[in-house]
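Here is what each chain is made of, one letter per residue.
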Amino acid sequence: MTTTTSPLRIALIGTGFMGRIHTQAWRTAPRFFDLPLDPVPALLVGRRADATASFADRQGWPEHSVDWREAVERDDIDVIDICTPGDTHAEIALAALAAGKHVLCEKPLANSVAEAEAMADAAAHASDIAMCGFSYRRTPALALAKELIADGRVGEIRHVRAQYLQDWLSDPDAPHTWRLDRDRAGSGALGDIGAHSIDTAQWLAGQSIDAVSAVMRTFVTSRPRRGEVEGLGGVAADPTDRLPVTVDDAAAFTARFDGGALGVFEATRMSTGRRNANRIEIAGDRGAIAFDFERMNELEVYDAAADAAQGFRRVQVTEARHPYAGAWWPVGHGLGYEHLFTHQAVDFVRAIAGEIPVSPTFADAAQVQRVLAAVEQSAEHDSILTPVAPAIRETEGNPA
């Protein structure tokens, strides 16, 4: 469907879960959406030569490398797409921006506030586009919720309730992974999935969290070393050969928003029976919206003035007029998880072409990082109310 021959050459760094889904997104986006530029997968970068070559062959990447610096230094690469563990994000993104590349970076933006601030500052002073991959913003139902809230349908926001519940670590013998190593991941459930809830809540409400009171728990302090099987958790090579878990299994906190709303948040990867329950409810003086990603094509909407039955109305977000939905299937035919990343690629390309503002910016993502840091600080000090630190630098970038 692309109407231009101008290529946008992509270098993807990372061959894991996110690398696979970003690959699919880049290939799918121009086939379903009319784009001002043509994204072309050009170079894949991984850690191990054999695994990277195998991934490139299977996924159709024409070239591959084990050195991300090659991608940054090549003149024929326009976009650096970072799908690596958090401890590498800052170095790669800063080098890419300095080299004049557009950057798409997976969340959370970095492993520390200092790194996130440096990335936001570099992005603000770059002429190229930098976006953080908070993909749930691209869920049609949540994008519709954003429109309804912006139109005043819920009125003055009073309550924000957000949960992100998974159970893939509920088995104490589930294998160790880099996501359980603080040096690589930064934090556990808090940064891995809680960051999504924080971003979604601030984006929907149009307010920033300015103080938190938190508790965090690590229920299983060691796990078997992971075997060679690919996957999120892999398999245990030897259940008695265990590695320490240095991140949280679960986090819960209350939050104060700068616009006056009260927030309640929970993130866990040990909620038995919950596979991917990413939920948010926003209530105001005129109505409310509620969403659960396990029913991702639906939005619950309550209008306090018009609804005599005093109940939520279930909206199927599959109409052509709904955000993103018109590019896909007939009405009533729902979308899936992978479509969010296609929408993300679409919006990133359109931002590069100047058709829409980039969102979320690195500055938006740095604000999420400051909230993560405040949650950890509060939990370390017996849940004391902890202010979210202001931005270290004043940044002027692309509007959110």
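Residues numbered from 1 in each chain as written. Predicted model: local features only at pLDDT ≥ 70, side-chain atom pairs only at ≥ 80, totals over all residues. Heavy atoms only, no water.

You'll find the protein entered in an unreviewed UniProt entry as Gfo/Idh/MocA family oxidoreductase, with Microbacterium helvum given as the organism.

### Describing the overall build of the protein
For the record, the criterion: A run of DSSP states H or I qualifies as a helix once it reaches four residues; a run of E qualifies as a strand once it reaches two. Both are numbered from the N-terminal end. Restricting the calculation to C-alpha atoms gives the radius of gyration, and the globule rule supplies 2.2 Å times the number of residues raised to the power 0.38. Buried means the residue's accessible area, taken with a 1.4 Å probe over protein chains only, is under 20% of the maximum for its type, while exposed means over 50%, and partly exposed covers the values in between. In this description, contact between two residues means that some pair of their heavy atoms is separated by no more than 4.5 Å. Surface accessibility follows the Shrake-Rupley procedure with a 1.4 Å probe radius. Residue values consider only the protein chains on display as shielding. Residues scored as charged are limited to Lys and Arg (positive) and Asp and Glu (negative), so that His and the chain ends carry no count. Note on charges: their place is set at NZ of Lys, CZ of Arg, CG of Asp or CD of Glu.
Assigned secondary structure in the protein consists of 10 helices and 17 strands. The C-alpha atoms of the protein give a radius of gyration of 21 Å, which matches the 21 Å a tight globule of 400 residues would have. Projected onto the principal axes, the alpha-carbon positions of the protein cover approximately 60 × 55 × 45 Å. Put simply, the protein has 400 residues, and 54% of those count as buried. Considering only residue pairs separated by 6 or more positions, the protein has 71% of its internal contacts joining residues 24 or more positions apart. In the structure as shown, the protein presents an accessible area of about 17,000 Å², 48% of it carried by carbon and sulfur atoms. Treating the 38 positive side-chain charges of the protein as one cloud and the 56 negative ones as another, the clouds have centres 4 Å apart.

### Thoughts on the environment of valine 368
Among the secondary structure elements, valine 368 is positioned in helix α10 (residues 362-380). Measuring from C-alpha to C-alpha, the distance between valine 368 and glycine 273 comes to 28 Å, with 95 residues separating the pair along the chain. When near neighbours in sequence (up to four residues on either side) are disregarded, valine 368 contacts Phe134, Ala195, Ile198, Asp199 and Gln202.

### Considering the environment of alanine 325
Residue position: alanine 325 is located in the loop between β16 (313-316) and α9 (337-352). Among the residues examined, alanine 325 registers a relative accessible area of 6% and is labelled buried. Leaving out residues up to four positions away in the same chain, alanine 325 has contacts with Val317, Thr318 and Glu319.

### Focus on the UniProt feature "domain: Gfo/Idh/MocA-like oxidoreductase N-terminal" (unreviewed entry) in the protein
Keep this limit in mind: UniProt positions are given in the numbering used here, feature names are shortened, and annotations may be inferred rather than shown by experiment.
This chain's UniProt record puts "domain: Gfo/Idh/MocA-like oxidoreductase N-terminal" (unreviewed entry) on residues 8-134. The span residues 8-134 carries 43% helix and 24% strand; its end-to-end C-alpha distance comes to 22 Å.

### Re the sheet that holds strand β1 (residues 7-13)
Heads up, the rule is: Strand pairing is defined by DSSP finding a minimum of two bridges between the two strands. Between N-to-C directions, angles cover 0 to 180 degrees, with each direction set by a line fitted to C-alpha atoms, over the stretch in contact for helices.
One open sheet accounts for six strands, arranged β3-β2-β1-β4-β5-β6; its pairing is parallel. The open sheet is flanked by β3 (63-65) and β6 (130-133), the only strands paired with a single partner. Direction aside, neighbouring strands of the sheet carry axes that sit 25° apart on average. The pairing of strand β2 (residues 38-45) with β3 spans three bridges and is classified as parallel. Of the residues in β3, the one forming a bridge with leucine 44 is histidine 64.

### Considering the pattern of salt bridges
Where we set the bar: Throughout this description, the term salt bridge denotes a Lys or Arg side-chain nitrogen within 4 Å of a carboxyl oxygen of Asp or Glu.
Counting across every chain of the model gives 23 salt bridges. Across the salt bridge formed by aspartate 199 and arginine 137, the nearest N and O atoms sit 2.9 Å from each other. Note that aspartate 199 is positioned in helix α8 (residues 189-205) and arginine 137 in the loop between β6 and α6 (140-150), a separation of 62 residues in sequence. Residue classification places arginine 137 among the buried residues on the basis of a relative accessible area of 7%. One salt bridge in this structure joins glutamate 298 and arginine 314, with 3.1 Å as the shortest N-O distance. In this pair, glutamate 298 sits in strand β15 (residues 298-303) while arginine 314 sits in strand β16, placing the two residues 16 residues apart along the sequence.

### Considerations on the packing of aromatic side chains
Stated precisely, the cut-off is as follows: The aromatic pairing rule takes the rings of Phe, Tyr and Trp, using the six-membered ring of Trp, and pairs them if the centres are within 6.5 Å, calling planes under 30 degrees apart stacked, those over 60 edge-to-face and the rest tilted.
Counting across every chain of the model gives 15 aromatic pairs. Centroid distance phenylalanine 33 to tryptophan 328: 5.8 Å. Interplanar angle 75°. Geometry classified as edge-to-face. With a gap of 295 residues between them, phenylalanine 33 in the loop between α1 (17-32) and β2 and tryptophan 328 in the loop between β16 and α9 connect regions that are remote in the sequence. For the residue pair phenylalanine 33 and tryptophan 328, the accessibility class agrees, reading buried in each case. Ring plane angle 25° and centroid distance 6.4 Å describe the contact between phenylalanine 257 and phenylalanine 265, whose orientation is recorded as stacked. The pair phenylalanine 257 / phenylalanine 265 is uniform in exposure class, with both members buried. Three or more aromatic residues link up through ring pairs in this structure, and these residues are Phe17, Tyr136, Tyr164, Phe291, Phe293, Tyr337 and Phe341.

### Some details on the nonpolar core
Defined as follows: To define a nonpolar core, start from buried Ala, Val, Leu, Ile, Met, Phe, Trp, Tyr and Cys residues and group those joined through side-chain atoms within 4.5 Å.
Formed by 109 residues in total, the largest nonpolar core has its most connected members in Ile80, Phe265 and Phe362. Apart from the residues within four sequence positions on either side, isoleucine 80 is in contact with Ala11, Ile13, Ala71, Val72, Ile92, Ala96, Lys101, His102, Val103 and Leu104. Leu169, Leu180, Val220 and Val247 belong to the second largest nonpolar core, which has seven residues in total.

### Quick notes on the packing of α6 against α8
To characterise two packed helices, one gives the angle between the axes of the helices and the distance between these axes. Basically, it comes down to this: Following the grouping adopted for this structure description, the nonpolar residues are Ala, Val, Leu, Ile, Met, Phe, Trp, Tyr, Cys and Pro, the charged ones are Asp, Glu, Lys and Arg, and the polar ones are all others, Gly among them.
α8 packs onto α6 with a crossing angle of 35° between their chain directions and a minimal axis gap of 8 Å. Residue-level contacts link Leu142, Ala143, Ala145, Lys146 and Ile149 of α6 to Thr200, Trp203 and Leu204 of α8. By residue class, the composition of the contact of α6 with α8 is six nonpolar, one polar and one charged.

### Quick notes on the sheet that holds strand β11 (residues 250-257)
In space, the nine strands of this open sheet follow the order β16-β15-β14-β13-β7-β12-β11-β8-β17, with mixed pairing throughout. Either end of the sheet is taken by a strand with one partner, and the two such strands are β16 and β17 (386-387). Where strand β7 (residues 157-165) meets strand β13 (residues 277-284), eight bridges bridge the pair, whose relative direction is antiparallel. Directly across from arginine 161, in β13, lies its bridge partner glutamate 281. On top of the sheet, α6 reaches β7, β13, β14 (287-292), β15 and β16; it is set at about 20° to β15, its chief contact.

### Concerning the environment of phenylalanine 33
Classification of phenylalanine 33 as buried rests on a relative accessible area of 6%. Once the C-alpha coordinates of phenylalanine 33 and valine 346 are considered, the two residues, 313 residues apart in sequence, prove to be 7.3 Å apart.

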